[in-house]
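# Structural characterization, general
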Amino acid sequence: MFVGHYSAAIAAKAASPRTPLWLLIVAAQLVDIAWAILIAVGIEKVRFDDSLASNHLDLYHMPYTHSLVATLGWMAATYFALRLFATTFLSKTQCLLVALVVGSHWVLDLLVHRPDLTIAGGDKFGFGLWNLPVAALILEFALLGAAAVWLHFRYVGERRQQIGFAGFIALLVVVQLASSFGAAPDTVSLLSASAFITFISLAGVAYIIERFCRSDR
């Protein structure tokens, strides 16, 4: 799953407008940001298999990012880091919300991944919607669309924000289509670099949009 993960961030933004969108965007893909780093240094493993439908990645070893226990650890680390370093602009409730967005990653991945997710590094799970490319893409856009609608109605009357957020969601659609139908990286180093740059760039775009679309400008 790719942009479907951002539906959790967008829904959280609708539920908690004062929580920075860029932070929620980072939270939605935090474990994949870590995954991109860990495959680059060889701690987690991935290989390419062109026989696989929809997504050609065989994610055969990723216990530190995509096990449920690890995800809970990332959630806890996020919560306590925010409580320690971000108390001036985030409440306890907001910190918890960001941590829940981190945790949404494993749940959403469970829907589309082939059996490559674990509880604690043992048996592997995944409903395998990636084996049905059209259905997987529909799910991505359905999740994103539902969250976008909620965000739209949350910001009714605040035209500047609506335009900015609509532009960001349109960007997510373009990135998803490029990911689904464009040429994929063919080496682990390129995959790692492109994934990391994409995740960080989208968070940066979210920061810029939110900063320049504030209603008090």
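Residues numbered from 1 in each chain as written. Predicted model: local features only at pLDDT ≥ 70, side-chain atom pairs only at ≥ 80, totals over all residues. Heavy atoms only, no water.

Another point: the packing of aromatic side chains. Taken as a whole, this structure holds 4 aromatic pairs when the rule is applied. Between the aromatic rings of Phe2 and Tyr6, the centroid separation amounts to 6.1 Å while the plane-to-plane angle is 65 degrees, which identifies the pairing as edge-to-face. Accessibility classification places Phe2 together with Tyr6 in one group, the buried group. An aromatic cluster of three or more residues is present, and its members are Phe2, Tyr6 and Phe199. The ring centre of Tyr60 lies 3.8 Å from the NZ or CZ of Arg47, which sits over that ring. (Phe/Tyr/Trp six-rings, centres within 6.5 Å; stacked < 30°, edge-to-face > 60°. Buried < 20%, exposed > 50% of the residue type's maximum accessible area, 1.4 Å probe, protein only. Lys NZ or Arg CZ within 6 Å of the ring centre and 35° of its normal.)

The calculated volume of the largest pocket comes to roughly 1,100 Å³. Lining the largest pocket are 39 residues, with Phe2, Asn55, Leu57, Ser179 and Ser180 sitting closest to its centre. Looking at the lining of the largest pocket, the elements that each hand over two or more residues are helix H3 (30-40), strand S2 (57-61), helix H5 (92-112), helix H6 (133-154), helix H7 (159-181) and helix H8 (188-212). Here the element with the most residues in the lining of the largest pocket is H7; it accounts for 6 residues. The residue inventory of the lining of the largest pocket, partitioned by class, reads 21 nonpolar, 13 polar and 5 charged. (1 Å grid on protein atoms, 1.4 Å probe; cavity = no way out; pocket = protein on both sides within 12 Å on 5 of 7 lines; lining within 4 Å. Points joined across faces, edges and corners; volume = space filled by probe spheres on them. Helix = DSSP H or I, 4+ residues; strand = E, 2+ residues; numbered from the N terminus. Nonpolar A, V, L, I, M, F, W, Y, C, P; charged D, E, K, R; others polar.)

Counting residues in hydrophobic clusters, the biggest one holds 60 residues, and the most contacted among them are Tyr6, Ile25, Trp35 and Leu172. For this core, the element with the most residues is H5, which contributes 10 residues. Once residues within four sequence positions are removed from consideration, Trp35 is found in contact with Glu44, Val46, Leu57, Leu59, Met62, Thr65, His66, Leu191 and Ala195. (Core = buried A, V, L, I, M, F, W, Y, C linked by side-chain atoms within 4.5 Å. Contact = heavy atoms within 4.5 Å.)

Across its 22 residues, H6 extends 32 Å between first and last C-alpha, which sits within 8% of the 32 Å expected from 1.5 Å per residue. Among all positions of H6, only Ala136, Leu137, Glu140, Leu144, Ala147, Ala148 and Leu151 are buried. Projection of H6 onto a plane perpendicular to its axis shows the buried side chains occupying an angular sector of 110 degrees, all on one side. For H6, exposure combined with an orientation more than 90 degrees from the buried face picks out Val134, Ile138 and Phe153. (Expected span 1.5 Å × (residues − 1). Arc of directions from axis to C-beta.)

Note on placement: Asp186 falls in the loop between H7 and H8. Judged by relative accessible area, Asp186 falls into the exposed class, the value being 59%. With 141 residues separating them along the chain, Asp186 and Lys45 place their C-alpha atoms 14 Å apart.

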